[in-house]
Amino acid sequence: MSSIIQLLPDHVANQIAAGEVVQRPASVVKELLENAVDAKATDIKLIIKDAGKSLVQVIDNGVGMNITDARMCFERHATSKIRQAEDLFSLHTKGFRGEALASIAAIAHVEMKTRQDQEELGTHIIIEGSKFVSQEPSVLPKGTSFSVKNLFFNIPARRNFLKSETVEFRHIVDEFQRVVLAHPNIHFTFYHNGSEMFNLPQSNLRQRIVTIFAGKTNEKLVPCNEETDILKVTGFVGKPEYAKKSRSEQFFFVNNRFIKSGYLHHAVMAAYEGILPVGAQPSYFLYLDVPPNTIDINIHPTKTEIKFDDEQALYAILRSTIKHSLGQFNVVPALDFDRDSNLDTPYDFKDKEASTPTIQVDRSYNPFSNDKPNKTYTPPYYPKKEASWESLYIGTNQASEIEIDATSIVNFENDEEITASLFDENNEEKQGNRTYQIHRKYIVNPIKSGMVIVNQHRAHQRILYEQFLTNMTVHQACSQQLLFPLNLYFSTAELELIEELKQSLVNTGFVFEETTQEYIVLSGLPANVSEKEASLVLEHLISDLQDGIPENSFSQNDTIARSMAKSLAIKTGTFLTEKEQENLVNGLFACKEPNTTPFQKPTFITMRVEDIDRKFTL
C-alpha cells in the first residue's frame, strides 16, 4: 500500500501560516513597523492606500540588508533575532519567529528595496505569491522600503471577508498607535491616500501621548512611577472625571511590547474602585519592565499575549502603584479624621521654596514721646431687645381659643360626611386613572382589564428613537442655540468619524460652527440635549460605531438614532412627577411600535385582574 502522507510545498505552507500571522491589512502594518524598529531606524514612514487593500508601504533608515540577507529574509523561519532556543528567554527585539515576511509574500505582491550604509548599491526584489519575479542591484538610499500591494490577491475568500475601508483603516491606526507609543524616540510619519494623518517627531512619552490623542489629554494624565525588584512601572493614568465609555485609550506595554491582559486590566479597575461611574473606562498608558527570563512571549503568532511567572505579585504592585499616584496628586480625596486639614500643603506648593518674610519698621515711632496719639473708643453695642411673639396675645380673651378647639372636635367627629361632600363623581373617576411610580423604575397605570406596568427607561428609549429617526428621515429637527459656543475635544480618529456623520448629526439638531484638527465647535444642540450631555452623547455614538459606519443611509440614521436614544433616555432611579409619568405613558402608546425598544426589548407588560385574582387563590 502506497504512503499517503506528503510534505507540503513551501508556498502552500506559507499560505497556511499566513492565516495566523496576516489576518487583515493592519497585521501587515504591525509586522513591517516592528521590523523597522528592530532595524534601529530613527525615521519611519508608513504609506497606506485604500485602507491597506491596495498598498501598505513602510520606509525606514535602518541598517538595511546585503544581497544574501535580502533573499533569505523571505524564507520561513529565517530570522536575525535569535540563534538558539535559550534566546527565547532573553528577547530584546519585536520579532523572532521568522514567519512574517514569508507569510506576507505568499498572499501579496511584495517589492523590497534595501541598502546598507557601507554599500554603494542596494538590492531590489519583486515577489508575487511566494514566487521570485526579479532581483537586481539598484541605486537606493540607506535603509529598507517594503511595498505590499494587492493583499490576498490569490485568496479571494479572505479578501471578501475584509470589512469596509473605515473599519480596516481604524485597525491600522490602532496598530500604528501601539508601535509609536512604545518608541517615542523615533520619528514616525503616517500617510493615507496622499494625506498626512500623523507626523510624530522625536519626543518624550508625555508629548507623544498628547500629540497622538490631542485635545485636553495633557490635563487628564497622572504620572505613575514605581520600581521594585521584580517590576518597574512607568507611564500615566487618566483622571476619573475624564473616563470614557470605550477602551480606546488603554495600553499595556511589557518591555516596550504592546500586550493584552485582562488580569492586569482588572488590577487597574480595582485601583479605580469607587471613584468611577458605572460602565466608565479609565485611560492608562502603562509601561512594565520585567526581566526577560520571567515572561513567555511565544504564546501566539501575534505576540500580544504573555505569560508571567508571578502574576499575583504584578497585580498587587500595579494596583497599589496606581492608587498611590491618584492619591499623591489629590485626584482621590483621603479620609483621615486625625489629620488637621489646615496643615496640608497644596501639591502646587510642594516643591516651592519658602520666601523670606519682609519686616516693616515705623521710623517715626518714639516710645518716650509725650505726644500720645488720640485714641477714640467706640462704646460697645448692645442690641435692643424686641418683644417676643407671645406678648402680642397678652390681654386677649382666651375663650375664643376654647371655642375653636371645640369646633374642631365637632368637625373631626363628622369628618366622613364632610369628606364625602368635597369630591364629586367626576373627580373620583379621574383619581382612578392616575399613574404611580414604583422604585423609581416602573410606572403603573390602571386600565379597565387590570393594569399596565411600564419600564420608564425603555419606554423613553422608544419615544426618543422614533423622534430622532423622524427628524433625520422626514424633516430637519429644531435646535436650541447656545449663548456661548461649546468646544468638544476628540482624538484624530474620533474627529474623522464625526466628520463622516456630520450631515446626519445636523439633521438631529446639532449645529457645527467649526471643525479643527483637535476639537469641534457646536453653536446649537437638539432640543432635548443639554450642554453637559453633548459630549457624552457623541462619545457613546463613537463607541457604538467602533465596528464601522453602515454604508446604507437608513442603517446609518438608524444606528445614530438608537445610540442617542440610549444615551438620553431617563435612567432608572429618576423621580418623575405625576404629569411626567402621564406624558411618558401617552408618548409611548403614540409610537408606531410601542411594544419593544430599538434593541428589541419589551417596554411594558399587562397584568389582568384575573391574573391578580389567581395569585390569591389557594
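For every chain, the first residue of the written sequence is number 1, and numbering continues from 1 onward in sequence order. Local features are withheld for residues below a pLDDT of 70 in this predicted model, meaning they are given only at 70 or higher, and side-chain atom pairs are given and counted only at 80 or more; totals for whole chains, interfaces and linings count all residues. Hydrogens and water are ignored here; the side-chain numbers use all heavy atoms of the structure.

In this section: the confidence of the model for the chain. The score called pLDDT rates the predictor's confidence residue by residue, from a low of 0 to a high of 100. Residues with a pLDDT of 70 or more make up 77% of the chain, whose mean pLDDT is 80. Pairs of residues are marked as contacts when any of their non-hydrogen atoms sit within 4.5 Å. Throughout residues 399-430 the model reports pLDDT below 50, and contacts reaching past four residues in sequence, or to other chains, amount to one contact.

The next thing to look at is the pattern of salt bridges. Criterion for a salt bridge: a side-chain nitrogen of Lys or Arg within 4 Å of a carboxyl oxygen of Asp or Glu. Across all of its chains, the model carries 14 salt bridges by this definition. Across the pair glutamate 168 and arginine 24 runs a salt bridge, and its minimum N-O distance is 3.1 Å. Of this pair, glutamate 168 sits in helix α6 (residues 165-182) while arginine 24 sits in the loop between α1 (10-21) and α2 (25-38), and the two are 144 residues apart along the sequence. Relative accessibility thresholds used throughout: buried, under 20% of the residue-type maximum; exposed, over 50%; partly exposed, between the two (1.4 Å probe, protein chains only). A relative accessible area of 0% places glutamate 168 in the buried class. The shortest N-O distance in the salt bridge between aspartate 611 and arginine 614 comes to 3.0 Å. Here arginine 614 and aspartate 611 lie together in helix α20 (residues 609-616), a separation of three residues that amounts to about one turn. Think of it this way: any DSSP run of H or I at least four residues long counts as a helix, any run of E at least two long counts as a strand, and we number them from the N terminus.

Its place among the elements puts histidine 540 in helix α17 (residues 531-544). In contact with histidine 540, not counting residues within four places along its chain, are Lys245, Ser563 and Ser567.

Once that is clear, we can look at the packing of aromatic side chains. The rule is short: rings of Phe, Tyr and Trp, with Trp giving its six-membered ring, pair when the centres are within 6.5 Å, and they are stacked under 30 degrees, edge-to-face over 60, tilted in between. Taken as a whole, this structure holds 18 aromatic pairs when the rule is applied. Considering the side-chain rings of phenylalanine 176 and phenylalanine 190, the 4.9 Å spacing of their centres and the 40° angle between planes classify their relative orientation as tilted. Here phenylalanine 176 is found in helix α6, whereas its partner phenylalanine 190 is found in strand β7 (residues 187-192), with 14 residues between them in sequence. Overall, phenylalanine 176 belongs to the buried group, its relative accessible area being 1%. Residue class for phenylalanine 190 comes out buried when judged on its relative accessible area of 0%. Cluster of aromatic residues (ring-pair linked, three or more members): Phe213, Phe251, Phe253, Phe258, Phe285 and Tyr287. In this scheme, Lys NZ or Arg CZ marks a charge over a ring once it lies within 6 Å of the ring centre and within 35 degrees of the ring normal. A cation over a ring is seen here: arginine 71 above phenylalanine 132, with NZ or CZ 3.7 Å from the ring centre.

Any two strands with at least two DSSP bridges between them are considered paired. Spatial ordering of the open sheet is given by β5-β4-β3-β6-β2-β1-β7-β8, a layout of eight strands whose pairing is mixed. If you trace the sheet from one side to the other, it starts and ends with β5 (131-138) and β8 (195-200), each paired once. Sheet twist, expressed as the average angle between the axes of neighbouring strands with direction ignored, equals 10°. As judged from the six bridges shared by strand β1 (residues 43-49) and β7, these two strands associate in the parallel manner. Residue pairing across strands places lysine 45 opposite threonine 189, the latter belonging to β7. Packing of α6 onto the sheet brings it into contact with β1, β7 and β8, and relative to β7 it is tilted by some 175°. To obtain each axis, a line is fitted to C-alpha atoms, and for helices this fit is confined to the stretch in contact; angles are then taken between N-to-C directions over 0 to 180 degrees.

On to the sheet that holds strand β12 (residues 257-259), then. Spatial strand order, β9-β10-β13-β11-β12: five strands in an open sheet with mixed pairing. Each edge of the sheet is formed by a strand with only one pairing partner; in this case those strands are β9 (221-227) and β12. Neighbour-to-neighbour, the strand axes of this sheet turn through a mean angle of 20°, independent of strand direction. Alignment of strand β10 (residues 232-238) against strand β13 (residues 284-289), held across six bridges, turns out to be antiparallel. Across the sheet, residue glycine 235 finds its bridge partner in β13, namely leucine 286.

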